[in-house]
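Reading the structure
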Amino acid sequence: MGSAIENLQRENLHFFEEAEGYVSLIREHGFTQEELAKKLGKNQSTIANKIRILRLPNNIKDGILNNGLSERHARALLRLHNERAQNEILEIVVLNSISVKETEDIVEKKLKKLYGEVE
């Protein structure tokens, strides 16, 4: 297990790989997110947020990876629970090299359009 944790702490790991590693450690060792966070010296919310991005559909994850987008781009897209909307915004972000902040603003507008006012 020590080597698995060391591998996760390497700096060149992509955020999707890091999240998958967290899930593996949780499954293999029966850790809670809180226990894993303590072992890694991180906050439980950091672990939860990282794992949450794995909920994105595979084609969205591939688009994020293939276009070198950031974890914050992924988290912004994750707010949309509609794969079609995620695809639409991913395409706009990639074609226009849109920043994270602009992506978050576009997602917010899309959420309002899809669901009305958003908290």
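This structure is a prediction, so every number in the text was calculated from the model and none was measured.

Each value, and the rule that gives it
- By convention here, each chain's residues receive numbers from 1 onward along its written sequence.
- Whole-chain, interface and lining totals are the exception, using all residues; otherwise, since this is a predicted model, local features are given only for residues with pLDDT of at least 70 and side-chain atom pairs are given and counted only at 80 or more.
- Hydrogens and waters are ignored; side-chain quantities use all the structure's heavy atoms.
- Numbering of helices and strands runs from the N terminus; a helix is a DSSP stretch of H or I covering at least four residues, while a strand is a stretch of E covering at least two.
- Exposure classes here rest on a 1.4 Å probe applied to the protein chains alone. A residue is buried below 20% of its type maximum, exposed above 50%, and partly exposed in between.
- In what follows, residue pairs with any heavy atoms lying within 4.5 Å of each other are defined as contacts.
- Methods summary: accessible areas were calculated by the Shrake-Rupley approach with a probe of 1.4 Å, and residue burial reflects only the protein chains presented.
- What makes a nonpolar core is a set of buried Ala, Val, Leu, Ile, Met, Phe, Trp, Tyr and Cys residues whose side-chain atoms join them at distances within 4.5 Å.
- Stacked, edge-to-face and tilted are the three classes for Phe, Tyr and Trp ring pairs, Trp counted by its six-membered ring, which pair at centre distances within 6.5 Å; planes under 30 degrees apart are stacked, over 60 edge-to-face, the rest tilted.

1. As for the overall build of the protein chain
Helix and strand content of the protein chain: eight helices and zero strands. The secondary structure elements of the protein chain, listed N-terminal to C-terminal, are α-α-α-α-α-α-α-α. For the protein chain, buried positions account for 39% of its 119 residues. Of all intrachain contacts in the protein chain linking residues separated by at least 6 positions in sequence, the fraction that spans at least 24 positions is 55%. Total accessible area on the protein chain is roughly 7,400 Å²; 44% of this is exposed by carbon and sulfur atoms.

2. With respect to the side chain of T103
For T103, the location among the structural elements is in helix α8 (residues 100–115). The residues contacting T103, other than those within four sequence positions of it, are H73, A76, V93 and I98.

3. A short note on the environment of L78
You can see L78 is positioned in helix α6 (residues 71–78). On the basis of relative accessibility, which here comes to 14%, the residue L78 falls in the buried class. Through-space distance from the C-alpha of L78 to that of I60 is 9.6 Å; in sequence the pair is 18 residues apart. Discounting residues that sit within four places of it in the chain, L78 has contacts with R52, I53, R55, L56 and Q86.

4. Re the nonpolar core
Ranked by size, the top nonpolar core spans 31 residues in total, and within it F16, L36, L56 and I64 carry the most contacts. For this core, the elements supplying multiple residues, two or more each, are α2 (15–29), α3 (33–40), α4 (44–52), α5 (58–66), α6, α7 (83–96) and α8. When residues in this core are grouped by element, the largest group, seven residues, is from α2. Apart from residues no more than four positions distant in its own chain, I64 is found in contact with F15, F16, L56, L69, S70, A74, L77 and L90.

5. A look at the packing of aromatic side chains
By the definition in use, this model includes one aromatic pair. Ring geometry for F15 against F16: centres 4.7 Å apart, planes inclined by 45 degrees, an arrangement best described as tilted. Both residues of the pair, F15 and F16, count as buried.

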